[in-house]
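Next come the chains, spelled out residue by residue.
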Amino acid sequence: MAMEKIARKIPASLWNEASEKLVDMVLNSSNASKMPSDLAKTILYYWQRDQLATEVGLQRLLEASMLLEPEKTISLMEELGLLEIVAMLKETPRQ
Amino acid sequence: MIEFGIEFVPRDLYWKTTFYSIQAEKIGFDYLWITDHFNNRNVYVSLAIISAYTERIKFGPGVTNPYLVHPVVTAQAVATLNEIAPGRVVCGLGVGDKITLQMVNIEQTKPLATIKESVQIIREISSGKPLEMQGEIFKITGAKLNFRVANTVPVYVGAQGPKMLALAAEIGDGVLINASHSKDVETAMKFICEGAERANKKLDDLRISAYTSFSIASDYEKAFKAVVPVVAYIVSGSPEMILERHEISVELARKIGESLVHGQWKEAFSHVNNDMVEAFSICGTPETCVEKIAKLAKVGVNQIVAGSPIGPNMRKSINMIATEVFPHFKE
């Protein structure tokens, strides 16, 4: 639920850029093996349907990137100027 | 028109391979080949999940081998895949990777007879037909699948040497030539023509693929760096005749091989030079890759397989093929 709220805060004008950068981060992560299979399959489902640059797609990508690369995810949101999201992510419990 | 295939090695996590496969389909690749080595993730499990997330692209093992996997099992696997994705399945078959087979003490004995009989077994059994065979290698007494099969699966034969190339053209629906350079493909085409003639086939009826080692990037150095490990293995396993054709030192090639066997990767890779990369890969900027593909098309191939490593960044390199290579060859 938390990530759903966070994803909703990303303005539509940044959906493509955020999605592209999150996808790269997840694919190239050295922690990729930590990705839960169910989440991976959900991301593949949205990718197949060209829905990664949507609220639901970004929600799943954020879930994955926060699991695999929490610090880099927060830095990316800072880079995108999404300071409210940065604050919300910092409060999100880490796994 | 030239078709394009892409090869993935399921050494990667299954969801990454599937992600790149979806991407390959989206950007217009025609074929997807997944390698088959027992020490990577299983080829058919990988293909099954890929088939669930794709709709158009043709796919299959590229290549499996009859030494480790009995051809009736291969026939069963491709027939099952064909039920999941009707009409999209192809089967690549070859003698396999010597180093991997040595790990399980399997020798690639009588390769021509083994491949010839295997193609017949795979073709007959995967078509749902019963088969009796008293071959030199395989004895089959009344084998038949217990399920109905709707389509036949085209069998592509992987080949490099003269006799195997001729056999591949004679008995295969397609030939996968293990080569990236037009000189090697041009030589291979002579044997392919011989084989096709033996079977009264027209070359146009055959899918002839150059199964290349491919690395594309906007920066040549990055593309080069990514392809070095793959080229090191190719150089070390290449027959002297092929090394000499490209004026590559046989001694240096053996040195690379010895280093690889002893796990001295840094040492092995340090000997890979520009001549080796030029001979055994399509590597470089999009312009260079387009030029090399055009040369391959000119000598007679009608499919290019972009094989490992694809590039320094898989996703970006796949997109680069779509935006900067395909427009030169696809409508």
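Residues numbered from 1 in each chain as written. Chains lettered and ligands numbered in written order. Predicted model: local features only at pLDDT ≥ 70, side-chain atom pairs only at ≥ 80, totals over all residues.

*Asks:* Just checking my understanding: could you explain the overall build of chain B for this structure?
*Replies:* If you tally the helices and strands in chain B, you get 14 helices and 11 strands. For 331 residues, the compact-globule formula gives about 20 Å, and the C-alpha radius of gyration of chain B, at 19 Å, lands near that figure. Structurally, chain B occupies a C-alpha span of about 55 × 40 × 40 Å along its principal axes. Buried residues in chain B amount to 49% of all 331 residues. Restricting the contact set of chain B to residue pairs at least 6 apart, pairs at least 24 apart contribute 72%. (Helix = DSSP H or I, 4+ residues; strand = E, 2+ residues; numbered from the N terminus. Rg over C-alpha atoms; globule rule 2.2 N^0.38 Å. Buried ≥ 20, exposed ≤ 12 C-beta atoms within 10 Å, placed from the backbone. Contact = placed C-beta atoms within 7 Å.)

*Asks:* Is there a simple way to think about the overall build of chain A in this case?
*Replies:* Looking only at helices and strands, chain A features 6 helices and 0 strands. Reading chain A from its N end, one meets helices and strands in the order α-α-α-α-α-α. Scaling as 2.2 N^0.38, a compact globule of 95 residues should have a C-alpha radius of gyration of about 12 Å, and chain A matches this with 12 Å. For chain A, the residues scored as buried account for 34% of the 95 residues in total.

*Asks:* Any chance you could explain the interface of chain A and chain B here in plain terms?
*Replies:* Chain A puts 9 residues into the contact, and the matching count from chain B is 8 residues. Where the side of chain A that touches chain B is concerned, the elements lending two or more residues are helix 2 (15–27) and helix 3 (37–48) of chain A. Among the elements that line the side of chain A that touches chain B, the one with the most residues is helix 3 of chain A, at 4 residues.

*Asks:* Quick question: what am I supposed to make of the confidence of the model for chain B here?
*Replies:* Parts of the model with low pLDDT should not have their predicted coordinates read in detail. For chain B, per-residue confidence averages 96 on the pLDDT scale, and residues scoring 70 or more make up 100% of the total. For this predicted complex, the interface confidence score (ipTM) comes to 0.96, while the overall pTM stands at 0.95. (pLDDT = per-residue confidence, 0-100.)

*Asks:* Looking at this structure, I do not really get helix 13 (residues 286–298) of chain B. What am I missing?
*Replies:* Three- or four-residue spacings in an α-helix give side chains the same orientation, since the helix completes a turn every 3.6 residues. Residues and elements named next belong to chain B. In a regular helix each residue adds 1.5 Å, so 13 residues correspond to 18 Å; helix 13 covers 18 Å between its end C-alpha atoms and thus fits that length. Every buried residue of helix 13 is accounted for by Cys289, Lys292, Ile293 and Leu296. Relative to the axis of helix 13, the buried residues are bounded by an arc of 100° and lie together on one face. Residues of helix 13 that are exposed and point over 90 degrees away from its buried face: Glu287 and Lys298. (Expected span 1.5 Å × (residues − 1). Arc of directions from axis to C-beta.)

*Asks:* I keep staring at the packing of helix 5 (residues 70–79) of chain A against helix 6 (residues 83–91) of chain A and nothing clicks. Help me out?
*Replies:* The geometry of a pair of packed helices is captured by two quantities: the angle between their axes and the separation between those axes. Residue and element names in this part refer to chain A. Running from N to C, helix 5 and helix 6 point in directions that differ by 165°, and their axes come no closer than 8 Å. By the angle between their directions, the pair helix 5 and helix 6 is classed as roughly antiparallel. You can see that helix 5 and helix 6 cross each other, and the crossing is left-handed. In this structure, helix 5 uses Thr73, Ile74, Met77 and Glu78 to contact helix 6, whose residues at the interface are Ile85, Val86, Leu89 and Lys90. Across the contact of helix 5 with helix 6, the residue classes tally to 5 nonpolar, 1 polar and 2 charged. (Axes fitted to C-alpha atoms, helices over the stretch in contact; angles between N-to-C directions. Parallel < 35°, antiparallel > 145°, perpendicular 65-115°, else oblique. Left-handed = near helix turned anticlockwise from the far one by under 90°. Nonpolar A, V, L, I, M, F, W, Y, C, P; charged D, E, K, R; others polar.)

*Asks:* Looking at this structure, I do not really get the nonpolar core. What am I missing?
*Replies:* A general trend in soluble globular proteins is that nonpolar side chains are found buried together. Residues and elements named next belong to chain B. If you look at the biggest cluster of nonpolar residues, it comprises 127 residues, and the most contacted ones within it are Leu32, Val157, Leu165, Val175, Ile177, Val231 and Val235. In terms of residue count, helix 8 (residues 220–237) provides more of this core than any other element does, 10 residues in total. In this view, Val175 contacts Tyr156, Val157, Ala159, Leu165, Ala168, Ala169, Ile192, Leu206, Ile208 and Ser209; residues no more than four positions away in its chain are not counted. (Core = buried A, V, L, I, M, F, W, Y, C linked by C-beta atoms within 7 Å.)

*Asks:* I tried to follow helix 2 of chain A on my own but got confused; where do I start?
*Replies:* All names here are of chain A. Compared with the 18 Å implied by 1.5 Å per residue over 13 residues, the 18 Å span of helix 2 between its first and last C-alpha is a close match. Taken together, the buried positions of helix 2 are Ala18, Ser19, Leu22, Val23 and Val26. Angularly, the buried residues of helix 2 cover 130° about the axis, an arc narrow enough to put them on a single face. Packed against the buried residues of helix 2 are helix 4 (55–68).

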